[in-house]
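Observations on chain architecture
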Amino acid sequence: MHAEFVTVMYHYVREIQNSSYPGIKGLEFEGFQRQLDYLSSRYEIISADQLIACLTGDAADFPDNACLLTFDDGYRDHFDYVLPELVKRNLSACFFPPAKPIEDHTLLDVNAIHYILAVADDVEQLSRDLLDELRTRDFSEAYLTECRDRLSEPSRYDPAEVIFFKRMLQRELPFELRSEITTSLFEKYVGKTEAEFSKGLYMTTDDLKELIREGMYVGSHTYHHFWLNAVDEETQEQEIDRSLQFLSRIGAPTRNWIMCYPYGAYNQETLEILKRKDCLLGFTTHVGNSILDPQRALQLSRFDTNDFPQ
Ligand SMILES: [Zn+2]
């Protein structure tokens, strides 16, 4: 059995221009609607159940132009904008919420960073604030200069200054410290506590139950949303177990289930754990067609919404 299909990955989908944070980088709702028109005209949008059926047995009716829609990070956008649009069009999709932010009303550092950047009109000032925070914690000038040289490199989407800021707070600094500094900068720039902001940003468990009632698939995006390849095997297993307990609490499947790796990050240990725990499919952020071969089913590629017309 060997089938190929297209998976599209989405994050923020909302009316950005009219929102409180017009600087946030995401997909405008109208662009999303146009993209659904485009995808529906060229592909057959399939449900997670069709995909699972294909892998566990009956592949007879699997379309050769299949397309799967996936929504990462459990944003309220997915309940407010995406769900009604999918229901209207009689489409199904997969949603991957991280458990802790939803249950404990915390804010993922990666999201805090998005909003800091969305409201800061001077990124150089932001970097100076970050460096000042580090100087008060006795980091040497030599180290800070070395970081600037090594991490300031423009990407496809961001200028060098933004990349420096993101990399320092996403990977470079020790976990506890980068969380502490992110929280401090978030409160300074966005002017809200993480707890109150979290409630507006993510879906609730009731929202997720509603998604399931409407025929949507909800799968694992772990508990804390760590880079799994950066933590030890025991932590990886806890991350996965705690997300499965969360899925079971909201009534989502925990046998033949689907994993979506935060940041697309995993390693050989992750794959071994997932096999032991009845995980059937795993989505990465490698760009390309998804190849439904049982040997590679835990390492499926996806396209980003930006890879298709909007
Ligand atoms: Zn994520």
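Residues numbered from 1 in each chain as written. Predicted model: local features only at pLDDT ≥ 70, side-chain atom pairs only at ≥ 80, totals over all residues. Heavy atoms only, no water.

- An unreviewed UniProt entry lists the protein under the name Polysaccharide deacetylase, with Gimesia chilikensis as the source organism.
- Per UniProt, the protein carries the Subcellular location (unreviewed entry) text "Secreted". (UniProt positions renumbered as here; feature names shortened; annotations may be inferred.)

1. A word on the coordination of the zinc ion
- Ligation of the zinc ion by protein atoms is provided by D73 (OD), H221 (NE2) and H225 (NE2), these donors lying 2.0 to 2.1 Å from the ion.
- Each donor residue of the zinc ion lies on one chain, and together they are spaced D-x147-H-x3-H. Of this pair, D73 sits in the loop between β5 (66-72) and α3 (76-88) while H221 sits in the loop between β7 (217-218) and α12 (233-250), placing them 148 residues apart in sequence.
- For D73, a relative accessible area of 5% puts it in the buried group. (Donors = N, O, S within 2.8 Å, 3.2 Å for Na, K, Ca; no water. Helix = DSSP H or I, 4+ residues; strand = E, 2+ residues; numbered from the N terminus. Buried < 20%, exposed > 50% of the residue type's maximum accessible area, 1.4 Å probe, protein only.)

2. Quick look at the pairing of strand β1 (residues 3-10)
- With seven of eight residues buried, β1 is to be regarded as a mostly interior element.
- Looking at chain direction, β1 and strand β10 (residues 290-292) are connected through three bridges and run antiparallel. If you follow A3 over to β10, its bridge partner there is L292.
- In the sheet, β1 pairs with β5 via five bridges, with the strands oriented parallel. (Pairing = 2+ DSSP bridges.)

3. Describing the domain arrangement of the protein
- Assigned domains within the protein: domain 1 (3-97 + 203-307) and domain 2 (109-196).
- The distance between the C-alpha centroids of domain 1 and domain 2 comes to 28 Å.
- Interface of domain 1 and domain 2: buried area, both sides summed, is about 1,200 Å²; carbon and sulfur atoms make up 55% of it.
- The largest contributions to the domain 1 side of the interface with domain 2 come from Y12, Y21 and W227, which together make up 41% of the buried area. (Domains from an automatic or database assignment. Buried area = accessible area lost by both parts, 1.4 Å probe.)

4. Here we look at helix α7 (residues 141-151)
- Every buried residue of α7 is listed here: L144, C147 and L151. The buried residues of α7 occupy an angular sector of 55° when the element is viewed end-on, so they sit on one face. Within α7, the exposed residues directed more than 90 degrees away from the buried face are A142 and D149.
- For α7, the elements touching its buried residues are α6 (123-136) and α8 (160-172). (Arc of directions from axis to C-beta. Contact = heavy atoms within 4.5 Å.)

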